[in-house]
Amino acid sequence: MGDYTDGAGGTAGAGGGGRTGPAEPEASDSLRTFGAVVQALREHAGLSREEFAERVRFSRHTVASVEQGRRMPDKVLVERAEHALGNTGALRKASRHLARHPGLARWFRAWARIEQTAISLCTYECRVVPGLLQTEAYARAVSLSVPPRPDPAVLEERIAARMARQALLSPDRTPPANFSFIVEQAVLERRTAGEEVTRELLDHLLGVVERCWNVEIQVMPLRQVVHAGLDGSLQLAETPENEWFGYSEGQQNGRLIGDAKELSMLQHIYAKMRSQALTPEDSLGLLKRMRGAL
């Protein structure tokens, strides 16, 4: 699951003959540079994006995502683009230097890319504290709890990626994103890795609320007769273009959700849970009492 492995989000379709392409990673300088080269060569060839998409037999959306540096290009797309744009060899050579982001599971990369630029993000967790709110010690304990135990180098890479993602919470970003988290009280009561790690975690959560006016944390109480989230954890994100995406995750897999009807249902579920959880003020009080009890 994503907050165990920072792996979420399903694989994104690559277009062209119904192939399934690689998951979309977070944007990187190498991806943006590669995309700019593709766009420059396409425009030099006098092709519109639609015409180019037809020649490489991928969707216009896929071509746009590659040109904007938001998608790892499929090898088939690279080869077809070479043929369509003069067989210079430039794209083949450049594609060898494209960087995937270490520490992110393959099924999480599409969601990580959306998360990177989202203007609002809603997260409900019933398994672990969300990755964006974890401390390093908690993240390490969670990663080591789920078999098989990762290689030490992989573990450090995974934790580093998770801690780096937390920069998204900063209210100093331009523009800052709005975050809503609903976390089950049972997750906090579990005291994963012991009292010392839990004490640090609670201090961290209280600090996030204090520092970040754009972050709202609500606790779902242990006793809740009617609970809209019994189907499991979920995430919702709004893009700068005001499009919504959802994400759900299971054992060693994740699913990116773009269907309008399904998104509408998830939004209703999340809205209901916000009304069922403790208010942000009451949640803050509970976190303080839990911290005081340790």
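What the rule picks out here adds up to two aromatic pairs. The interplanar angle of 25° and the centroid separation of 5.5 Å between the aromatic rings of W111 and Y247 together place this pair among those described as stacked. Here W111, found in helix 7 (residues 109-117), pairs with Y247, found in strand 7 (residues 244-250); they are 136 residues apart in sequence, far enough to count as distant. By relative accessible area, which is 0% here, W111 ends up buried. Assessed through its relative accessible area of 2%, Y247 is described here as buried.

Moving on, we get to helix 5 (residues 75-84). For helix 5, the complete set of buried residues consists of L77, V78, R80, A81, E82 and A84. Where helix 5 terminates, the next one or two residues include G86, which has phi positive at roughly 105°.

Of all residues in the chain, 86% attain a pLDDT of 70 or more, and the chain-wide mean is 85. Contacts of residues 1-5 to residues separated by more than four positions or lying in other chains number 31 contacts, the stretch itself having pLDDT below 50. Segment residues 7-27 is flagged for pLDDT under 50; beyond a separation of four residues in sequence, or across chains, it makes 88 contacts in the model.

A separate point is the nonpolar core. With 34 residues, the main nonpolar core has L133, Y138, F179, F181, L188, L205 and V215 as its most contacted residues. For this core, the elements supplying multiple residues, two or more each, are helix 7, helix 8 (136-145), strand 4 (178-184), helix 10 (185-189), helix 11 (195-211), strand 5 (215-220) and helix 13 (280-292). With six residues, the single largest contributor to this core is helix 11. The contacts of V215, once residues within four sequence positions are left out, are L169, F179, F181 and V208. Counting 15 residues, the second largest nonpolar core, distinct from the first, contains F34, A53, A84 and L85.

Here the focus is the packing of helix 3 (residues 49-56) against helix 5. In the contact formed by helix 3 and helix 5, the axes pass within 9 Å of each other and the chain directions differ by 115°. Regarding the angle of helix 3 to helix 5, the classification is roughly perpendicular. Considering the relative orientation of helix 3 and helix 5, their crossing is right-handed. Here helix 3 contributes F52, R55 and V56 to the contact with helix 5, which in turn contributes R80, A81 and A84. Residue classes in the contact of helix 3 with helix 5 are distributed as four nonpolar, no polar and two charged.

Turning next to the pattern of salt bridges. All told, the structure shown has 13 salt bridges when counted by the stated rule. Close ionic contact of R140 with E136 constitutes a salt bridge, the shortest N to O distance being 3.3 Å. Residue R140 and its partner E136 are located together in helix 8, separated by four residues, close to a single helical turn. Here R274 makes a salt bridge to E216, at a shortest N to O gap of 2.5 Å. In this pair, R274 sits in helix 12 (residues 260-276) while E216 sits in strand 5, placing the two residues 58 residues apart along the sequence. A cluster of three or more residues bridged by salt bridges with shared partners is formed by R42, R49 and E67.

Reading guide: rules and limits
- Residues numbered from 1 in each chain as written.
- Predicted model: local features only at pLDDT ≥ 70, side-chain atom pairs only at ≥ 80, totals over all residues.
- Heavy atoms only, no water.
- Phe/Tyr/Trp six-rings, centres within 6.5 Å; stacked < 30°, edge-to-face > 60°.
- Helix = DSSP H or I, 4+ residues; strand = E, 2+ residues; numbered from the N terminus.
- Buried < 20%, exposed > 50% of the residue type's maximum accessible area, 1.4 Å probe, protein only.
- pLDDT = per-residue confidence, 0-100.
- Contact = heavy atoms within 4.5 Å.
- Core = buried A, V, L, I, M, F, W, Y, C linked by side-chain atoms within 4.5 Å.
- Axes fitted to C-alpha atoms, helices over the stretch in contact; angles between N-to-C directions.
- Parallel < 35°, antiparallel > 145°, perpendicular 65-115°, else oblique.
- Left-handed = near helix turned anticlockwise from the far one by under 90°.
- Nonpolar A, V, L, I, M, F, W, Y, C, P; charged D, E, K, R; others polar.
- Salt bridge = Lys/Arg side-chain N within 4 Å of Asp/Glu carboxyl O.

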